[in-house]
Amino acid sequence: MAESKTVHSPLVTYASMLSLLSLCPPFVILLWYTMVHADGSVLQTFGSLKNNGLQGFIDIWPRPTAIAWKIIACYAAFEAALQLLLPGKRVEGPISPKGNIPVYKANGIAAYVVTLITYLSLWWFGIFNPSIVYDHLGEIYSALIFGSFIFCILLYIKGHLAPSSTDSGSCGNFIIDFYWGMELYPRIGKDFDIKVFTNCRFGMMSWAVLAVTYCIKQYETNGKVADSMLVNTILMLVYVSKFFWWEAGYWSTMDIAHDRAGFYICWGCLVWVPSIYTSPGMYLVNHPVNLGVQLELSILAAGILCVYINYDCDRQRQEFRKTNGKCRIWGKAPSKIVATYTTESGEMKTSLLLTSGWWGLARHFHYVPEILAAFFWTVPALFDHFLPYFYVIFLTILLFDRAKRDDDRCRSKYGKYWKLYCEKVRYKIIPGFY
Ligand code: NDP
C-alpha cells in the first residue's frame, strides 16, 4: 500500500481520492442513463439535466429495487459457490512484503465455463430471460453502488478487527485506509479469498455475462444481432476467456500482489467493471450498425491479435519467473538482470528482471495491446458519439498512471538494479516514444 501513497504529492493523492470517491458513483448512473435513455448522446443528457438541475439528476437516479437486489444476490451467491466448490489445482501466489505465500484454488476457467453455460441455458430453456437484466440495469448499478460501498466499509472494519494475515494494518488515516484498503489478502475462513471473488468471479465474470446480455437484448428486440454487436461481444468474450485461462497468473500481478482490498480495487471491480468496462456493448444495444463482412472480419482479426499479444506478454514474464530464467524467449535464451532487494522483515531476496522479448521493447509494453484491444471492440460503434470511447480513454489514463506507480514501486524495491533496467530498456510504454 505504501507505494500507492507515495507516488504523488499528498495534496494530489487526497484530491484524487476524494474526487474518485464522490464522482465515480454519479458518473456510473449518468453513463448508464446516456447509453440507455439518451441515445448515447452526452449533449442530450446534459440538455435534460440543464433544465431540471440537481432535482433532474436525482430523478434519473434509479432506486435499487427488490428485483435488482435479487439478481445481484443470486449471481453473487452462484459465483461464491463455484469459487468454493469447483475443483482446481493448488497454486501459490508470490511472496508478500511480510513474507507470506497465499495459496489459491485455480478453478477460474471452470467457473467461467459453468457460468456462461448456465446463463445461456436459463435463457434457452425459458427459465430466465437475460433481457430482464438489461431492463433493470440502472437499478442494478444503483444497488451495486450502495451495496459495494457497504461492502468496503465491512472490509475496513474486518481489517481492523480480524485481519486474515500479517499483510495488513492501518496507516493511521481513515480515508487512506478506506480507499487503499487494510488487508492485502483478506479471506473468509481459510479458503474464501475476497479479492479473487471481487476482482475475478464478480467483476471480470460480470463483464462476460453482461456482454452476452447485451447481445441477447438486441436479438430479443430486433429479431437479429447486428454484426457490430457480434464483433463487440466476441472480442470482449475472447478477452475475458483469456483472463480466466490465465487467472492464476493474474494473482501475481499488481492488483492482487500489491494493491490492498479497499475502495480502489474492490468497489472498482464490483461497480466500475460491470458498468464502465461493458459500456461499448451497452451502447450498441440501441445502435445496431452493420459493418459488412470485410470490415467486421478485419476488426475481429486485429482485436484478437491484440488480445493474443497482451496474453503473450503476461505469459512471457510468468514463464520466465517460474523457470527462474531457464526458458526460451522468442527462440533465444532470455537476457536478464539479477536484482536483489530487502523485504520489510529485513530478509534479502532475489528477483529476475527480463530484458528481452516483449519486456525488452518497453517496461510496460503489455499495456499497448491492452488499449488497442479495447479500441477494436469499441470501434464497431463507429464515430457518431464520443461516449462509447470513454472506456478506451479511461483505460489509457489508468494504465499510464499504473506504469508510473509500478515504476516508482519497483525503483524503491530494486534500487540500482531498476536503474540498470531503465538504462537497458529506456521506454516506459511505447517503444521509441514514451
Ligand atoms: P504486472 O503486475 O503483470 O507487471 C508488473 C510487475 O511485474 C512489476 O510490479 C514487477 O513485480 C514485475 N516486473 C516488472 N518488470 C519486469 C521484468 N522486466 N521482468 C520480470 N518481472 C517484471 O502488471 P499489471 O498488473 O499492470 O498487468 C497485468 C495484466 O493486467 C496486463 O495484461 C494488463 O494489461 C492487465 N491490466 C488490465 C487492466 C484493465 O483495467 N483492463 C488494468 C491493469 C492491468 P515484482 O515486484 O514481482 O518484480
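Each chain carries its own residue numbering, running from 1 in the written order of its sequence. Given that the model is predicted, a residue must reach a pLDDT of at least 70 before its local features are reported, and side-chain atom pairs must reach 80 or more before they are shown or counted; all residues, however, enter totals for whole chains, interfaces and linings. Remark: hydrogens and water are excluded; side-chain values derive from all non-hydrogen atoms of the structure.

Caption draft 1: The overall build of the protein chain, seen in detail. On a plain count of helices and strands, the protein chain comes out with 19 helices and six strands. As defined in this context, the radius of gyration uses C-alpha atoms, and a globule is described by 2.2 Å times the residue total to the power 0.38. The C-alpha radius of gyration computed for the protein chain amounts to 22 Å, which stays within 12% of the reference 22 Å derived for 434 residues, consistent with globular compactness. For the protein chain, the spread of C-alpha atoms along the three principal axes comes to 60 × 55 × 45 Å. Throughout, a residue-residue contact means that at least one pair of heavy atoms, one from each residue, lies within 4.5 Å. Look at the contacts in the protein chain between residues 6 or more apart in sequence, and 77% of them connect residues 24 or more apart. When the accessible surface of the protein chain is split by element, carbon and sulfur atoms take 67% of a total near 19400 Å². Strands here are runs of E lasting at least two residues and helices are runs of H or I lasting at least four, both read from the DSSP assignment and numbered beginning at the N terminus. In these tables, accessible area is a Shrake-Rupley quantity obtained with a 1.4 Å probe, and a residue counts as shielded only by the protein chains included in the view.

Caption draft 2: Geometry of the environment of Trp 123. Within the fold, Trp 123 resides in helix H5 (residues 108-124). Throughout, exposure labels follow a simple rule: accessible area from a 1.4 Å probe, protein chains only, divided by the maximum for the residue type, with under 20% read as buried, over 50% as exposed, and the rest as partly exposed. Exposure remark for Trp 123: the relative accessible area of 21% places this residue in the partly exposed category. Distance in space between the C-alpha atoms of Trp 123 and Ile 216 is 9.0 Å, their sequence separation being 93 residues. Apart from residues lying up to four places away in sequence, Trp 123 is in contact with Phe 128, Asn 129, Pro 130, Ile 216, Tyr 219 and Glu 220.

Caption draft 3: Looking closely at the environment of Leu 154. Counting through the fold element by element, Leu 154 comes out in helix H7 (residues 137-161). Exposure remark for Leu 154: the relative accessible area of 52% places this residue in the exposed category. Once the C-alpha coordinates of Leu 154 and Phe 178 are considered, the two residues, 24 residues apart in sequence, prove to be 9.9 Å apart.

Caption draft 4: Structural detail: the packing of H5 against helix H9 (residues 194-222). Between N-to-C directions, angles cover 0 to 180 degrees, with each direction set by a line fitted to C-alpha atoms, over the stretch in contact for helices. Remark: H5 packs on H9, axes separated minimally by 11 Å, with the N-to-C direction vectors making an angle of 25 degrees. On the basis of the axis angle, H5 is roughly parallel to H9. Handedness of the crossing formed by H5 with H9: right-handed. Across the interface between the two elements, Gly 108, Ala 111, Tyr 112, Thr 115, Leu 116, Tyr 119, Leu 120 and Trp 123 from H5 touch Arg 201, Met 205, Ala 208, Val 209, Val 212, Thr 213, Ile 216, Tyr 219 and Glu 220 from H9. Roughly parallel covers angles under 35 degrees, roughly antiparallel covers those over 145, roughly perpendicular covers 65 to 115, and oblique covers all other angles. Handedness of each helix crossing follows the sense of rotation of the near helix against the far helix: counterclockwise by less than a right angle gives left-handed, clockwise gives right-handed.

Caption draft 5: Summary view of the nonpolar core. With 117 residues, the main nonpolar core has Tyr 141 and Trp 207 as its most contacted residues. In terms of residue count, the dominant contributor to this core is H9 (16 residues). Here Trp 207 is in contact with Met 236, Tyr 239, Val 240, Val 273, Tyr 277, Thr 278, Trp 377 and Tyr 391, once residues within four sequence places are set aside. To qualify as a nonpolar core, a set must consist of buried Ala, Val, Leu, Ile, Met, Phe, Trp, Tyr and Cys residues joined through side-chain atoms within 4.5 Å. With 21 residues, the next largest nonpolar core counts Cys 313, Ile 329, Leu 354 and Tyr 421 among its residues.

Caption draft 6: Focus on helix H19 (residues 416-424). Looking only at H19, the buried set comprises Trp 418, Tyr 421 and Cys 422. Along H19, the residues classed as buried sweep out an arc of 100 degrees about the axis, all on the same side. In this structure, H19 carries Lys 416, Lys 419 and Glu 423 as exposed residues pointing more than 90 degrees from its buried face. Of the surrounding secondary structure, the elements contacted by the buried residues of H19 are strand S5 (336-342), strand S6 (348-354), helix H16 (358-361) and helix H18 (390-414). Comment: arc refers to directions from the helix axis out to C-beta atoms.

Caption draft 7: Broad picture of the site of the ligand. Lining the immediate surroundings of the ligand are 29 residues, of which Asp 314, Tyr 367, Glu 370, Asp 406 and Tyr 414 lie closest. In the model, an oxygen atom of the ligand is placed 3.1 Å from a nitrogen or oxygen of the Met 254 main chain. By the criterion applied in these results, polar contacts are pairs of N or O atoms within 3.5 Å in which, for protein atoms, one can donate a hydrogen and the other can accept it, and in which residues neighboring in sequence qualify only through two side-chain atoms. Asn 310 places a side-chain nitrogen or oxygen 3.0 Å from an oxygen atom of the ligand. Protein chains bury 94% of the 920 Å² of accessible surface belonging to the ligand in isolation. Among the residues making up the shell around the ligand, the classes are represented as 17 nonpolar, four polar and eight charged. If even one non-hydrogen atom of a residue comes within 4 Å of a molecule or strand, that residue is called near it. Residue classes follow a fixed rule: Ala, Val, Leu, Ile, Met, Phe, Trp, Tyr, Cys and Pro count as nonpolar, while Asp, Glu, Lys and Arg count as charged, and any other residue, Gly among them, counts as polar.

Caption draft 8: Quick look at the state of the cysteines. Two cysteine sulfur atoms form a disulfide, by the criterion used here, when they sit within 2.5 Å. Counting across every chain of the model gives zero disulfides. Cys 266 takes part in no disulfide bond, and the closest cysteine sulfur to it belongs to Cys 152, at a distance of 5.7 Å. Cys 313 takes part in no disulfide bond, and the closest cysteine sulfur, belonging to Cys 306, lies 11 Å away.

Caption draft 9: The arrangement of empty space enclosed by the protein in detail. The method works on a 1 Å grid over the protein atoms by themselves. A cavity is a set of points holding a 1.4 Å probe that cannot get out, a pocket is an open set with protein on both sides within 12 Å along at least five of seven lines, and residues with an atom within 4 Å of a point line them. Grid points are joined across faces, edges and corners, and a volume is the space filled by probe spheres set on the points. A full pass over the atoms with the stated rule returns one cavity of 30 Å³ or more. In this model, the largest cavity occupies a volume close to 30 Å³. Around the largest cavity, the lining residues are Trp 246, Gly 249, Ser 252, Asp 314, Arg 317 and Gln 318. With three residues, the top contributor of residues to the lining of the largest cavity is helix H15 (residues 293-322).

Caption draft 10: Local environment of the packing of aromatic side chains. For Phe, Tyr and Trp, where Trp contributes only its six-membered ring, two rings pair if their centres lie within 6.5 Å, and the inter-plane angle classes them as stacked under 30 degrees, edge-to-face over 60, or tilted in between. Counted according to the given criterion, the structure contains 48 aromatic pairs. Taking 4.6 Å as the distance between ring centres and 50 degrees as the angle between the ring planes, the aromatic pair formed by Trp 180 and Tyr 264 counts as tilted. A residue pair is termed long-range when its members are at least 10 positions apart, and Trp 180 in helix H8 (residues 174-180) and Tyr 264 in helix H13 (residues 263-277) qualify at 84 residues. Using a relative accessible area of 22% as the deciding quantity, one classes Tyr 264 as partly exposed. Aromatic pair Phe 375 and Phe 376: ring centres 5.5 Å apart, planes at 70 degrees, arrangement edge-to-face. Here the aromatic cluster, defined as three or more aromatic residues joined through ring pairs, consists of Phe 27, Trp 207, Tyr 239, Trp 272, Tyr 277, Trp 377, Phe 390, Tyr 391 and Phe 394. The ring of Tyr 104 has Arg 187 sitting right over it, with the charged end atom 5.2 Å from the ring centre. Sitting over a ring, as applied to charges here, requires NZ of Lys or CZ of Arg to be within 6 Å of the ring centre and within 35 degrees of the ring normal. Over the ring of Tyr 341 we find Lys 413; its NZ or CZ atom is 4.4 Å from the centre of that ring.

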